[in-house]
Amino acid sequence: MKHLRFDMLYFFFSKDKENTDDVKRLGSMHPQKAMKELGITYTHATPQSLSDHWWFWNCDNLPERLPPFLSDLNLDPMECIGYGLSKNDAETIRDFKSV
């Protein structure tokens, strides 16, 4: 399982050649809709409004290559309590077991 970060401002600041029409279309969607269209499942989504990011926890069904607006989220959910996660949410994310 991976945790992912969805950068909502990627397109405004990036001059990357990877900004194809499909990448622009997906990146301009609401993050949860884009994840659904990509076929990525997750157990919890945490908005980070001050930085225009979303954290998606316990992601599964990842494409072989992630779009440029998605990156690995190397955070321990227990260290994110108070930053959009309650203690209960963090424990549920930490203890999740894929079937």
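The sections below set out a description of the structure shown in this document. Note on numbering: residues in each chain are counted from 1, in written sequence order. Given that this is a predicted model, residues contribute local features only at a pLDDT of at least 70 and side-chain atom pairs are listed and counted only at 80 or more, while totals for whole chains, interfaces and linings are drawn from all residues. Think of the side-chain values as coming from all heavy atoms in the structure, minus any hydrogens and water.

### So, the overall build of the protein chain
For the record, the criterion: In this description a helix means any DSSP run of H or I spanning at least four residues, a strand means any run of E spanning at least two, and both kinds are numbered starting from the N terminus. Think of it in three bands: residues with accessible area under 20% of the maximum for their type are buried, residues over 50% are exposed, and the middle band is partly exposed, with areas taken using a 1.4 Å probe on protein chains only. To measure how exposed things are, a 1.4 Å probe is used in the Shrake-Rupley method; for residues, cover is taken only from the protein chains shown.
When helices and strands are tallied, the protein chain shows four helices and four strands. For the protein chain, the N- to C-terminal ordering of α and β elements is β-α-α-α-β-β-β-α. Every one of the 99 residues in the protein chain was classed for burial, and the buried ones make up 35%. Carbon and sulfur atoms form 51% of the exposed surface of the protein chain, whose accessible area is close to 6,400 Å².

### What to know about the pairing of strand 1 (residues 2-7)
Rules: Pairing between two strands is assigned when DSSP locates at least 2 bridges connecting them.
Of the pairings in the sheet, the one linking strand 1 to strand 3 (residues 53-59) comprises five bridges and is antiparallel in character. If you follow Arg5 over to strand 3, its bridge partner there is Trp55. For strand 1 and strand 4 (residues 70-72), the ladder comprises three bridges, and the chain directions are antiparallel. Residue pairing across strands places Arg5 opposite Ser71, the latter belonging to strand 4.

### Structural notes on the pairing of strand 2 (residues 44-48)
With respect to burial, strand 2 is a largely interior element, four of its five residues being buried. Note: strand 2 against strand 3, five bridges, orientation antiparallel. Bridged to Ala45 within strand 3 is Phe56. Between strand 2 and the antiparallel strand that follows it, strand 3, lie four residues; Asp52 among them carries a positive phi value of about 55°.

### Observations concerning the packing of aromatic side chains
In plain terms, the rule: The pairing test for Phe, Tyr and Trp rings, Trp by its six-membered ring, is centres within 6.5 Å, and the orientation test on the planes gives stacked under 30 degrees, edge-to-face over 60, and tilted for anything in between.
Tallied over the full model, the rule gives four aromatic pairs. Between Tyr42 and Phe56, the aromatic rings sit 4.7 Å apart at their centres with planes inclined by 70°, giving edge-to-face as the arrangement. You can see Tyr42 sitting in the loop between helix 3 (31-38) and strand 2 and its partner Phe56 sitting in strand 3, a full 14 residues away along the chain. With a relative accessible area of 26%, Tyr42 lands in the partly exposed category. The buried category is assigned to Phe56, whose relative accessible area is 0%. Seen from their ring centres, Trp54 and Phe56 are 6.0 Å apart, and the 20° between their planes marks the pair as stacked. What makes Trp54 buried here is its relative accessible area of 13%. Three or more aromatic residues joined by ring pairs form one cluster here, namely Tyr42, Trp54 and Phe56.

### A word on the sheet that holds strand 2
Quick reminder of the rule: For helices, the fitted line uses only the C-alpha atoms of the stretch in contact; every axis is such a line through C-alpha atoms, and the angle between N-to-C directions lies from 0 to 180 degrees. Two residues qualify as a contact provided that any one of their heavy atoms is within 4.5 Å of a heavy atom in the partner residue.
Ordered in space as 2-3-1-4, the four strands form an open sheet in which the pairing is antiparallel. In the strand order of this sheet, the two ends are held by strand 2 and strand 4, each with one partner. Taking each pair of neighbouring strands and ignoring which way they run, the sheet shows an average axis angle of 25°. Sheet strands touched by helix 3: strand 1, strand 2, strand 3 and strand 4. Its angle to strand 3, the strand with the most contacts, is close to 40°.

Worth remembering: the numbers are spatial, not functional.
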